[in-house]
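# A look at the structure
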Amino acid sequence: MQIFIDTADINEIRDLNETGLIDGVTTNPSLAASQGIQFTDLIRQICDIVDGPISAEVIALDAAGMIEQGKKLAGIHENVVIKVPLTVDGLKACYALAEDDIAVNVTLCFSAPQALLAAKAGARYISPFVGRLDDQGWDGMQLIRDIQLVYDNYMFDTEILAASIRHPQHVLEAAKAGADVCTIPPKVFRQLYKHNLTDIGLDAFMADWKKSGLSI
Ligand code: E4P
C-alpha cells in the first residue's frame, strides 16, 4: 500500500519525507487555506520536496471552471494530480481532464455507486472518506471493501485512496481491505511507528549494554 501524507504543512512534509516512506501528498482547500501561502506556490514547494503524486484541489464548482483551474494546476509540475469533488460537474471535469492525460483524484466520495461513476469518468484515484462516514455512525471501511469489489469485477484501473484517516486502526483496516493508497495525517503517521513496548524494550537493551562495558 502506498502512503501519502494528508497535509499542506511544508515543515511537516519536509520532516516526514525524510523517513523515505512517503509516496505522495494530498491537500484540500481547508488544509491549504491554513498555510498562508499563495496556493500555486504551495503546490510547487510540495512538488519540490516529495517526488510522487501531489493532489491539488480545484475550487470552481462548474465543470468548465474546474477544467480551467485543473489545467492551470497541472501545469505547475508533472506530479500534480487534480482533485475534483464528486459532483456531476466534477465527473464531467474528470472525464475531460483524463481525456487530456491529466491525472484526477475524485474526492468527497461517500458511496460505491459514486466510486463506480468516478472510475467510468477515468479517475486515477477515488478518495472515499472513511472517518467522516464513521463520524455519522456508518462503517467507513466497508465502503473501501465495496469499492474494491466493484473495481475488481470490472478491472477498473482507478486506485482506491483511503482518506479521512483518524487513527492507526484505519490504516491497518485499509491495508487489509486492499486499498491502493492511504493518505494519513502527520499525527497518525507518527502513531504508526510509536509503541510503548518498543521504547521500554530499547531502554532495557541500552541499560544492559551500558553495564556490560561492551562496544561496537
Ligand atoms: C483527503 O484527501 C482529504 O484531504 C482528507 O483525508 C479529509 O480528511 P478529514 O475528514 O480529516 O478532513
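Structure: above.
Heads up: these notes are all about the structure in this document. Predicted, not measured: the structure shown is a model, and the values here were computed from it.

Turning next to helix α6 (residues 112-120). Among the residues making up α6, those that are buried are A112, A115, A118 and A119. Along α6, the residues classed as buried sweep out an arc of 110° about the axis, all on the same side. Turned more than 90 degrees off the buried face of α6, the exposed positions are P113 and K120. Buried-residue contacts for α6 involve α5 (88-99), β5 (104-109), β6 (125-128) and α8 (140-154). Its side-chain oxygen placed 3.2 Å from the backbone nitrogen of Q114, S111 serves as the N-cap of α6. Note on α6: the residue one or two positions beyond its end, G122, has a positive phi of about 90°.

With that settled, the discussion passes to the pairing of strand β7 (residues 159-162). Residue alternation in β7 divides its side chains into two sets, E159 and L161 and I160 and A162, and both sets are buried. With 2 bridges connecting them, β6 and β7 associate as parallel partners. Considered in β7, the bridge of I126 is made with I160. With 2 bridges connecting them, β7 and strand β8 (residues 181-184) associate as parallel partners. Considered in β8, the bridge of L161 is made with V181. Running through helix α9 (residues 168-176), the crossover from β7 to the neighbouring parallel element β8 is right-handed.

Cut-offs used in this document
- Residues numbered from 1 in each chain as written.
- Predicted model: local features only at pLDDT ≥ 70, side-chain atom pairs only at ≥ 80, totals over all residues.
- Heavy atoms only, no water.
- Buried < 20%, exposed > 50% of the residue type's maximum accessible area, 1.4 Å probe, protein only.
- Helix = DSSP H or I, 4+ residues; strand = E, 2+ residues; numbered from the N terminus.
- Arc of directions from axis to C-beta.
- Contact = heavy atoms within 4.5 Å.
- Polar contact = N/O pair within 3.5 Å; in protein donor to acceptor, adjacent residues only side chain to side chain.
- Pairing = 2+ DSSP bridges.
- Right-handed = clockwise from strand over helix to strand, strands pointing away.

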